[in-house]
Number of protein chains: 2
Amino acid sequence: MSRQPDFNVLTATCPSRTSLARIANKWTAMVVIALSAGDRMRFGDLRTTVDGISGKVLTETLRDLERDGLVARHAYAEIPPRVEYELTALGRTLETPLQALGHWAEEHITEVLAAREEYDARR
Amino acid sequence: MSRQPDFNVLTATCPSRTSLARIANKWTAMVVIALSAGDRMRFGDLRTTVDGISGKVLTETLRDLERDGLVARHAYAEIPPRVEYELTALGRTLETPLQALGHWAEEHITEVLAAREEYDARR
DNA sequence: CAGCATCCGAAGGGATACTG
DNA sequence: CAGTATCCCTTCGGATGCTG
C-alpha cells in the first residue's frame, strides 16, 4: 500500500539519477549482458567476452557494480589467483532491461546506419 | 525468414556497438524519457524537464539522436525562434527499454544506496 | 591470474559570451 | 529562443610495468 517517496531520474538532485548514470553506460551494459549468459565468470573470461575492454576499465566497472550490490565477487586464495563474478539477485533484475538495450542495438543497427548516412550526406 | 547477419554488441568491431554506446548513456536515456511523456517538445522545455542538463550537452545529445534517426527536429523560422523535437517511429521503439532503465533506477535506488553504504563501511 | 599504480591523451561536460 | 563558439576543468579510458 505504502508508496515510495517520489524518486525521479529527471530531477538533478534525486539519488536515483546516480543509479541511472551507472546502469545507463555501455560498459555496464556489456558486462551485465556477459554475466547474464552463464553462471559465474572469471575475470579473464569476462575480459575475453567483453571484447576490447581493457583490464583497468573492467576492474573499475566490476568494482562499481559490486559497490551498488549488482555483482558479487568471489576470490579464491590460490596460486595463480582465481576470481569469479556473478550477478546478485538485484543484478539479475537488470538482465532484462539491459539485454533489451543490447538487442535493440543489434536489431536496429541497419536502420541507424542508414539514418547516419543520410544525415551526413545532407551536410 | 531471412535472418540478419550476426550483429553482436560484445564484439569490439561490430557496428551495433556504436549504437549501444549512444543509447546506453544517461543523457540519451533522460532525453528519450522526457520525449516519451508528451508530444513534441521545445528545446527550452526539454532543458527544463531534463533537470540540470546544460545547453551544450542537450544540443549535442539531440544532434546525435537526430543523426541516428531517433529524433526529428522541427525548426520554425520565427522570431524568436521555435524548435520542436519528437521521437521518430524508430525512436519510439526505444521508449520501453529506456523507460525500463529509468524505472529500475527509481524503484531500486533504496537497495542500491544500502549496498553502497555497506560496501563503503567495509573499507 | 587478477589487480593496482602510473602516465597520458581523448572525450565529456560546465560556464560564459555572442548571434540570427 | 535556440543555438554556436570558446575556454577550461574533469572524467574516461588505453598502455605499460609491477606484485601477491
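Look a little higher up for the structure.
So, here's what we can say about the structure.

Basis of the calculations
Residues numbered from 1 in each chain as written. Chains lettered and ligands numbered in written order. Predicted model: local features only at pLDDT ≥ 70, side-chain atom pairs only at ≥ 80, totals over all residues. Heavy atoms only, no water. Pairing = 2+ DSSP bridges. Helix = DSSP H or I, 4+ residues; strand = E, 2+ residues; numbered from the N terminus. Core = buried A, V, L, I, M, F, W, Y, C linked by side-chain atoms within 4.5 Å. Buried < 20%, exposed > 50% of the residue type's maximum accessible area, 1.4 Å probe, protein only. Contact = heavy atoms within 4.5 Å. Near = heavy atom within 4 Å. Polar contact = N/O pair within 3.5 Å; in protein donor to acceptor, adjacent residues only side chain to side chain. Nonpolar A, V, L, I, M, F, W, Y, C, P; charged D, E, K, R; others polar. Axes fitted to C-alpha atoms, helices over the stretch in contact; angles between N-to-C directions. Parallel < 35°, antiparallel > 145°, perpendicular 65-115°, else oblique. Left-handed = near helix turned anticlockwise from the far one by under 90°.

Details of the pairing of strand β3 (residues 82-87) of chain A
Residues and elements named next belong to chain A.
Then, in step 1: Pairing of strand β1 (residues 41-42) with β3 involves two bridges; the strand directions are antiparallel. Bridge pairing links R42 to E84 in β3.
Then, in step 2: Connecting the antiparallel pair strand β2 (residues 71-76) and β3 is a turn made up of five residues.

Some words on the nonpolar core
Then, in step 1: Of all hydrophobic cores here, the largest spans 65 residues; its most connected members are L101(A) and L101(B).
Then, in step 2: Per-element tally for this core: the top contributor is helix α2 (residues 26-37) of chain A, with eight residues.
Then, in step 3: Dropping the residues within four chain positions of it, L101(B) is found in contact with L20(A), I23(A), A24(A), L94(A), P97(A), L98(A) and L101(A).

Describing the protein's contact with DNA strand C
Then, in step 1: The local shell around DNA strand C holds 17 residues, among which F43(A), R73(A), Y85(A), K56(B) and P81(B) are the closest.
Then, in step 2: Within 4 Å of the protein, the contacting atoms of DNA strand C are 66% sugar and phosphate, with bases supplying the remainder.
Then, in step 3: Between a phosphate oxygen of DNA strand C and a side-chain N or O atom of R73(A), the distance comes to 2.6 Å.
Then, in step 4: Only α3 (43-49), α4 (55-67) and β3 of chain A together with α2 (26-37) and α4 (55-67) of chain B provide two or more residues apiece to the surface near DNA strand C.
Then, in step 5: For the surface near DNA strand C, the element with the most residues is α4(A), which contributes three residues.
Then, in step 6: Across the surface near DNA strand C, the residue classes tally to eight nonpolar, three polar and six charged.

Observations regarding the packing of α2(B) against helix α6 (residues 95-121) of chain B
Residue and element names in this part refer to chain B.
Then, in step 1: Running from N to C, α2 and α6 point in directions that differ by 110°, and their axes come no closer than 9 Å. One element, α2, and the other, α6, form an angle in the roughly perpendicular class. The element α2 and its partner α6 pack so that their crossing is left-handed. In this structure, α2 contributes T28, A29, V32, I33 and S36 to the contact, and α6 contributes E95, L98, Q99 and G102.
Then, in step 2: For the contact of α2 with α6, the residue count by class is four nonpolar, four polar and one charged.

Some points on the environment of L94(B)
Then, in step 1: Mapped onto the elements, L94(B) comes out in the loop between α5 (89-92) and α6.
Then, in step 2: For L94(B), a relative accessible area of 0% translates into the label buried.
Then, in step 3: Note: C-alpha distance between L94(B) and I23(B) (71 residues apart in sequence) is 8.6 Å.
Then, in step 4: Apart from residues no more than four positions distant in its own chain, L94(B) is found in contact with L101(A), W104(A), I23(B), V32(B) and L70(B).

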